[in-house]
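Per-entry structural report
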Amino acid sequence: MQIDLTDDRKALFQGQLQSLFRDEFDEELSEFRANEILELAIKTLCPDVYNQAVQDVRAHLQVKLDDLDGEVYVDS
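The structure reproduced in this document is the subject of the present report. (Residues numbered from 1 in each chain as written. Predicted model: local features only at pLDDT ≥ 70, side-chain atom pairs only at ≥ 80, totals over all residues. Heavy atoms only, no water.)

1. What about the packing of helix α1 (residues 7-25) against helix α2 (residues 31-44)?
The contact between α1 and α2 brings their axes to 9 Å, and the two run at 110°. Looking at the two axes, α1 sits roughly perpendicular to α2. Every residue of α2 that contacts α1 at K10, F13, Q14, L17, Q18 and F21 is listed here: E31, A34, N35, I37, L38 and E39. Taken together, the residues of the contact of α1 with α2 break down into six nonpolar, three polar and three charged. (Axes fitted to C-alpha atoms, helices over the stretch in contact; angles between N-to-C directions. Helix = DSSP H or I, 4+ residues; strand = E, 2+ residues; numbered from the N terminus. Parallel < 35°, antiparallel > 145°, perpendicular 65-115°, else oblique. Contact = heavy atoms within 4.5 Å. Nonpolar A, V, L, I, M, F, W, Y, C, P; charged D, E, K, R; others polar.)

Next up, the structure:
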């Protein structure tokens, strides 16, 4: 699965990386280097984060489905 960011979101994250390196490490991070770090994070981190989010949603929906009878059951 390919994860694509909008240009605006990519620029925002690149700026945040540059600020982090400047503020925490006293190092200037070029736009190229920030982009390379961002691409590595997307390639290595995002699939796991995405899969965990899917599992979290599945668990949440399963709780709702398990409680469906209690929510909509009508005594006859």
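2. A closer look at the pattern of salt bridges
Following the criterion strictly, the structure yields three salt bridges and no others. Two residues, K10 and E39, come together in a salt bridge whose shortest N-O distance is 3.2 Å. With K10 in helix α1 and E39 in helix α2, this pair connects stretches of sequence that are 29 residues apart. Residue class for E39 comes out partly exposed when judged on its relative accessible area of 31%. For E27, the salt bridge identified is with R33, shortest N-O distance 2.9 Å. On the accessibility criterion, R33 (39% relative accessible area) is partly exposed. (Salt bridge = Lys/Arg side-chain N within 4 Å of Asp/Glu carboxyl O. Buried < 20%, exposed > 50% of the residue type's maximum accessible area, 1.4 Å probe, protein only.)

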